[in-house]
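A structural walkthrough
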Amino acid sequence: MTDVGTSGLQLREPLIFERSRPGREGIRMPAAEVPPATDDKAGPDIPAAWRRAALPRLPEVAEVDVVRHFVRLSQWNLCVDSVMYPLGSCTMKYNPRVNEWACRLPGFSRLHPQTPEKLAQGALELMWDLERRLCAICGFSRMTLQPSAGAQGELTGMLLVRAYHTDHGNPRQKVLIPDTAHGTNPASCSLAGYSTVPVASGPDGLVDPAAVDKVMDADVAAIMITTPNTLGLFESHIAQVAEIVHSRGGLVYGDGANLNALMGLARPGDFGIDVMQLNLHKTFSTPHGGGGPGSGPVGVATKLEPYLPVPMVEKNADGTFRLVDDRPKTIGRMRSFFGNFGVMVRAYTYLAAHGPEELRRVSEIAILNANYLLARLRTSFHVPQDRPCMHECVLTDERLKKETGVTTMDVAKGLLDRGFHPPTVYFPLVVHGALMIEPTETESPETLDEFVAALESVLAEAKSNPAALHHAPTRTRIGRADETRAARQPVLRYKFGK
Ligand SMILES: Cc1ncc(COP(=O)(O)O)c(C=O)c1O
């Protein structure tokens, strides 16, 4: 066992509704400044049929009950603020508190999205400047900040691809997707109305230009490619792949979720990518996981600019900013207002705090940390692609399972008992029993060593007492959950009076 303990106090906690007592108050509301909407004459214009007859059933609790309830619940989970969280493909880096300070400045947090342009110049300038900075990092000409997540960015990007081909009189029907792709890639393509054609990776784990050459025909709208890919490897044939696709009239979509490995080192726009989403919540350090707000800006090469969603922020000759809706070829809106503005402020703060040189260091250290873990773990675990990786490395349970019967899932659960969030498991799908580890740059050498010690301790237990690991975790609030049942029969509603 490592020194990172899991023996702390975990308080039992009922639902907040079960803490409710009639008449108990958490807050006293000031008297309303407007008349209540009791009838159509006195109140605002809300049709009677739309008004609720009964009050919503809310828990009646004191402020202290609310604070303790949610703090206790938060302590049941491991999070980036408490432990290393090496969840591959998720870039769970530490979120600097200065980002939170900036996005809570009243000028940002209290700004109504319908504030007139001339009173929202600061917010528009931030969006403009953020767009410029992100374009400079990636080598694109413009970017929309509207999408709310990586996956929504992918959908936006594929709609841009569709708009481009339709505009050129040749709406194509297919998109090529390598077999290492994240599951959201084929889903986004099919939402955009495309059918997908899988492309098998070569034995080196990379997209093989010859395989692309074979399937790239006049009906293929684009290839959707992730680099570094989900094996943590840079797609070193990407320029050649882009050339093949471009030469037959297709476009290259880059999944930019793994940008944490590239900043200041390589620009996707320079190696042939025409359109790409970024995951601000990953690379640019804003809290995510558990469905929190995200942001998936989409950058484009010049030829795709006309189709970008509206509104776009533009700079006037006098240095002020305006919102522009009048773009005849736009794909329209992807969501209400401007996107998740709070995430943009956090990402902007991170960018401004680091500057170009430090951003390059971020990527270099993210790569160094992943390679350090790979070097420390390659003798204990089977490594499917045993060569230097980018920002994450992939191991498997192949050797362990043969020798002890202990699986990837057992290893992941054993790590929970040792105070670490597990890596991503069983992904990418092309690797059997995968453990995908992304340490990020924010972990120190000491923490990485503690993580290796925790994994070695799991291995030692696998050899001495494999049966115990099949039942891990035993020190967490909830033990081994039946994940299949939880996915197939979710119980999501609390029933009153149970
Ligand atoms: C490679 C890759 N693409 C796309 C996504 C989707 O991003 P989001 O979860 O923000 O929708 C992820 C998410 O982790 C990812 O790792």
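Reference entry: report on the structure contained in this document. Values in this document were obtained by computation on a predicted structure and should not be read as measured data.

**Thoughts on the overall build of the protein**
Helix and strand content of the protein: 15 helices and 12 strands. C-alpha extents for the protein along the principal axes are approximately 75 × 60 × 45 Å. Looking at the protein residue by residue over its 498 residues, the buried ones come to 47%. For the protein, the accessible area works out to roughly 24600 Å², and carbon and sulfur atoms hold 55% of it. Taken as two groups, the 53 positive and 55 negative side-chain charges of the protein have centres that lie 6 Å from each other.

**Some words on the site of the ligand**
Inspection of the region around the ligand gives S89, A149, G150, A151, E154, H182, T184, D255, A257, N279, H281 and K282 as its neighbouring residues. Here G150 contributes a backbone N or O atom positioned 2.8 Å from an oxygen atom of the ligand. Within the side chain of H281, a nitrogen or oxygen atom sits 2.7 Å from an oxygen atom of the ligand. Burial of the ligand by the surrounding chains reaches 86%, relative to a free accessible area of 390 Å². Only α5 (150-167) and α9 (280-283) provide two or more residues apiece to the shell around the ligand. In terms of residue count, α5 provides more of the shell around the ligand than any other element does, three residues in total.

**A look at helix α1 (residues 63-75)**
With 13 residues, α1 ought to run about 18 Å at 1.5 Å a step, and its terminal C-alpha atoms sit 19 Å apart, in line with that. All of the buried residues along α1 are D65, H69 and R72. An end-on view of α1 places all buried positions within 75 degrees of arc, on one side of the element.

**Observations concerning the packing of aromatic side chains**
Here the structure, examined in full by the defined rule, presents seven aromatic pairs. Their ring planes at 70 degrees and their centres at 6.2 Å tell us that F284 and Y350 sit as a pair that is edge-to-face. In this pair, F284 is assigned in the loop between α9 and β7 (298-300) and Y350 in helix α10 (residues 341-377), connecting sequence segments 66 residues apart. The burial state of F284 is the same as that of Y350; both residues are buried. Between F337 and F338, the aromatic rings sit 6.4 Å apart at their centres with planes inclined by 45 degrees, giving tilted as the arrangement.

**Quick word on the environment of A434**
Considering the arrangement of structural elements, one finds A434 in strand β12 (residues 434-437). You can call A434 buried: its relative accessible area is 0%. For A434 and P384, which are 50 residues apart along the polypeptide, the C-alpha to C-alpha distance reads 9.0 Å. Apart from residues no more than four positions distant in its own chain, A434 is found in contact with V394, L395, T408, T424, V425, Y426, F427 and P428.

**Focus: the nonpolar core**
Core analysis: the biggest nonpolar cluster contains 54 residues, and L134, V212, L259 and F284 have the highest contact counts within it. If you list the elements that add at least two residues to this core, you get α2 (97-103), α4 (121-138), β3 (195-199), β4 (220-226), α8 (238-247), β6 (275-278) and α10. In terms of residue count, α10 provides more of this core than any other element does, 11 residues in total. Once residues lying within four places of it in the same chain are set aside, the contact partners of F284 are N99, L134, I137, L259, M263, L278, N279, R346, A347, Y350 and L351. One finds L377, L400, L435 and V452 within the second-largest nonpolar core, a separate group that totals 27 residues.

**Some thoughts on the pairing of strand β2 (residues 174-178)**
Among the five residues in β2, four count as buried, and that is most of the element. Looking at chain direction, β2 and β3 are connected through five bridges and run parallel. Paired with P178 across the bridge in β3 is V199. In the classification by handedness, the crossover that spans β2, the intervening helix α6 (residues 184-191) and the parallel β3 is right-handed. Two strands pair when backbone bridges link them, and β2 and β4 are joined in this way by three bridges, in the parallel orientation. By the bridge assignment for β4, L176 is matched with I223.

**Quick notes on the sheet that holds β6**
Strand-to-strand pairing in sheets goes through backbone hydrogen bonds, with the strands running parallel or antiparallel. Here we have seven strands laid out as an open sheet, ordered β1-β7-β6-β5-β4-β2-β3, and mixed in their pairing. Looking at which strands have only one partner, the edges of the open sheet turn out to be β1 (142-144) and β3. For this sheet, the mean angle separating the axes of adjacent strands, direction not counted, is 25 degrees. The strands touched by α5 within the sheet are β1, β2, β4, β5 (251-256), β6 and β7, with β5 carrying the most contacts at an inclination of about 170 degrees. Sheet strands in contact with α6 are β2, β3, β4 and β5, and its direction is about 175 degrees off that of β2.

**Details of the environment of V207**
Mapped onto the elements, V207 comes out in the loop between β3 and α7 (209-215). With 160 residues separating them in the primary sequence, V207 and I367 have C-alpha atoms 21 Å apart. Setting aside residues no more than four positions away along its own chain, V207 makes contact with P178, V212, I225, E235, H237 and V241.

**Remarks on a nonpolar patch on the surface**
A cluster of nonpolar residues, L15, F17 and Y494, forms a patch on the protein surface that exposes about 230 Å² of accessible area. Among the secondary structure elements, Y494 is positioned in the segment after α15 (483-488).

**As for the side chain of H421**
Within the secondary structure, H421 is located in the loop between α12 (408-417) and β11 (424-425). We classify H421 as buried; its relative accessible area is 15%. At a separation of 3.3 Å, a polar atom in the side chain of H421 contacts the side chain of Y85.

**Concerning the environment of C135**
Tracing the sequence through the fold places C135 in helix α4. Under the relative-accessibility criterion, C135 is labelled buried at 2%. If sequence neighbours within four positions are ignored, C135 has contacts with F140, S141, R142 and M143.

Scoring rules and cut-offs
- Residues numbered from 1 in each chain as written.
- Predicted model: local features only at pLDDT ≥ 70, side-chain atom pairs only at ≥ 80, totals over all residues.
- Heavy atoms only, no water.
- Helix = DSSP H or I, 4+ residues; strand = E, 2+ residues; numbered from the N terminus.
- Buried < 20%, exposed > 50% of the residue type's maximum accessible area, 1.4 Å probe, protein only.
- Areas by Shrake-Rupley, 256 points an atom, 1.4 Å probe, with all protein chains shown as cover.
- Lys, Arg positive; Asp, Glu negative; His and termini not counted.
- Charge placed at Lys NZ, Arg CZ, Asp CG, Glu CD.
- Near = heavy atom within 4 Å.
- Polar contact = N/O pair within 3.5 Å; in protein donor to acceptor, adjacent residues only side chain to side chain.
- Expected span 1.5 Å × (residues − 1).
- Arc of directions from axis to C-beta.
- Phe/Tyr/Trp six-rings, centres within 6.5 Å; stacked < 30°, edge-to-face > 60°.
- Contact = heavy atoms within 4.5 Å.
- Core = buried A, V, L, I, M, F, W, Y, C linked by side-chain atoms within 4.5 Å.
- Pairing = 2+ DSSP bridges.
- Right-handed = clockwise from strand over helix to strand, strands pointing away.
- Axes fitted to C-alpha atoms, helices over the stretch in contact; angles between N-to-C directions.
- Patch = residues over 30% accessible without salt bridge, like charges linked within 9 Å, V, L, I, M, F, W, Y side chains within 5 Å.
- Salt bridge = Lys/Arg side-chain N within 4 Å of Asp/Glu carboxyl O.

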